Each structure stands twice: as C-alpha cells, then as structure tokens.
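Summary of structural features
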Amino acid sequence: MAECIFCQIVEGAIPAKKLYEDDHVIAFDDMNPQARVHVLVIPKRHLVSLDDTQDSDSVLLGKLMVVCAKIARERGIVDGGYRVVANTGREAGQSVFHLHLHVLGGRPFAWPPG
Ligand code: AMP
C-alpha cells in the first residue's frame, strides 16, 4: 500500500535502522523507543493486523516470532527478560495499521499493561 509507512520502509522509501531482513520479514529499531531495546518485526506483505491473518499465514507468523527471539538474543535482553507485543486495533493502542510485533527489553515491565 503506497500510503502505508511500514510498506514504505519495506520499499526503502523511508529510512529505518534495519536489523534483520529476509524475503518475507524485516526488523528495524522503533523511532520512539519505549525501552532500551525496542525493535519492530514486520512482514513485508501488507497485512493490517493479526486480525487480517488466516491459516495460510501460519508459517509467516511463526517466522515473525522466530525473528523476535533472534533479535532478543542479538540485543542481549534474554537474561533480563523481554516482551513481544502485537497491538491489534485502536483500543489496544495500534497506531500503524501494518502488522508488527514489538520486541521490548532492557528494563522491567509492569503487568497488567496500561
Ligand atoms: P503501534 O502503536 O503498536 O501501532 O506501534 C507503532 C510503532 O511504530 C510505534 O512504536 C512508533 O514509534 C513506530 N513507528 C512509526 N513510524 C515509524 C518509523 N518511520 N520508523 C520506526 N518506527 C516507527
């Protein structure tokens, strides 16, 4: 989608600090980090949110999670613990409507989330 910020990052039209890329997935630093480590892991294909997925996306969704774990190991946040978040819909706080997983670590987090 031409007007989607994350599609433009996938296409290279908007710069981002890419940490991982393969044929289907990219990961890059969040521009407004909420923790010492805050990385976004996204599919290259435009999907609005988790609610836009179906059975045929199972492999892609698994790949996204595996990339989250890889990023967490590379960024040194496994020992302290980390959180993977998929805000889905407006009341959950989703502001960019291209599916993405937040990988957050490097500080303690509260539960339940705000
Ligand atoms: P959410 O609120 O779950 O939709 O998360 C969207 C995230 O995208 C926010 O944490 C933003 O800081 C981040 N974000 C928005 N635009 C960019 C961008 N151009 N580069 C990196 N991160 C971005």
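Scroll up to find the structure.
A short tour of the structure in this document, coming up. Remember, predicted model here, so these are calculated numbers, not experimental data.

Before going further, it helps to examine the overall build of the chain. Secondary structure assignment for the chain yields two helices and five strands. In the chain, the succession of α and β elements from N to C terminus is α-β-β-β-α-β-β. Relative to the compact-globule value of 13 Å for 114 residues, the chain shows a C-alpha radius of gyration of 14 Å, a close match. For the chain, the C-alpha atoms occupy an extent of roughly 35 × 30 × 25 Å along the three principal directions. Total accessible area on the chain is roughly 6900 Å²; 54% of this is exposed by carbon and sulfur atoms. A distance of 8 Å separates the average location of the 12 positive side-chain charges in the chain from that of its 14 negative side-chain charges.

Below, the discussion takes up the site of the ligand. Of all residues adjacent to the ligand, which total 16 residues, the nearest are Asp30, Asn87, Gly93, Ser95 and His102. Measuring from an oxygen atom of the ligand, one finds a side-chain N or O atom of histidine 102 at 2.8 Å. In isolation the ligand offers 500 Å² of accessible surface; the protein chains occlude 86% of this area. Contributing elements (two or more residues each) for the shell around the ligand: helix 1 (5-11) and strand 2 (25-29).

Another point: unusual backbone geometry. Here the residue pair tryptophan 111 and proline 112 is connected by a cis peptide bond, since its omega of 5° sits within 30 degrees of zero. When you line up the elements, proline 112 lands in the segment after strand 5 (101-105).

This part takes up the environment of histidine 98. Looking at the element boundaries, histidine 98 is found in the loop between strand 4 (82-85) and strand 5. Residues histidine 98 and alanine 13, 85 residues apart in the sequence, show an inter-C-alpha distance of 16 Å. Not counting chain neighbours up to four residues away, the residues in contact with histidine 98 comprise Cys4, Phe6, Cys7, Ile42, Pro43, Lys44, Arg45, His46, Leu47 and Val48. Separated by 2.8 Å, the side chain of histidine 98 and the backbone oxygen of proline 43 make a polar contact.

Further remarks concern helix 2 (residues 58-74). Compared with the 24 Å implied by 1.5 Å per residue over 17 residues, the 25 Å span of helix 2 between its first and last C-alpha is a close match. What helix 2 keeps buried is the set Leu60, Leu64, Val67, Cys68, Ala69, Ile71 and Ala72. Residue glycine 76 follows helix 2 closely and has a positive phi angle near 75°.

Before going further, it helps to examine the nonpolar core. Judged by nonpolar contacts, the single largest core of 17 residues is most densely connected at Val25, Ala27, Val39, Val41 and Val67. Where this core is concerned, the elements lending two or more residues are strand 2, strand 3 (37-43), helix 2 and strand 5. Of all the elements, helix 2 adds the most residues to this core, at six residues. If near-sequence neighbours (up to four positions away) are discounted, valine 25 is found in contact with Tyr20, Val41, Ile42, Lys44, Leu60, Lys63, Leu64 and Val67. In terms of nonpolar packing, the next biggest core, distinct from the first, is built from ten residues, Cys7, Ile26, Phe28 and Leu40 among them.

Another point: the sheet that holds strand 1 (residues 18-21). If you walk across this open sheet you meet the five strands as 1-2-3-5-4, and the pairing is antiparallel. Looking along the sheet, the strands with just one partner apiece sit at the ends: strand 1 and strand 4. Between one strand axis and the next, the sheet turns through 15° on average, direction left out of account. In terms of strand pairing, strand 2 meets strand 3 through five bridges, oriented antiparallel. In the sheet register, isoleucine 26 faces strand 3, and the bridge partner there is isoleucine 42.

What counts, and at which threshold
- Residues numbered from 1 in each chain as written.
- Predicted model: local features only at pLDDT ≥ 70, side-chain atom pairs only at ≥ 80, totals over all residues.
- Heavy atoms only, no water.
- Helix = DSSP H or I, 4+ residues; strand = E, 2+ residues; numbered from the N terminus.
- Rg over C-alpha atoms; globule rule 2.2 N^0.38 Å.
- Areas by Shrake-Rupley, 256 points an atom, 1.4 Å probe, with all protein chains shown as cover.
- Lys, Arg positive; Asp, Glu negative; His and termini not counted.
- Charge placed at Lys NZ, Arg CZ, Asp CG, Glu CD.
- Near = heavy atom within 4 Å.
- Polar contact = N/O pair within 3.5 Å; in protein donor to acceptor, adjacent residues only side chain to side chain.
- Contact = heavy atoms within 4.5 Å.
- Expected span 1.5 Å × (residues − 1).
- Buried < 20%, exposed > 50% of the residue type's maximum accessible area, 1.4 Å probe, protein only.
- Core = buried A, V, L, I, M, F, W, Y, C linked by side-chain atoms within 4.5 Å.
- Pairing = 2+ DSSP bridges.
- Axes fitted to C-alpha atoms, helices over the stretch in contact; angles between N-to-C directions.

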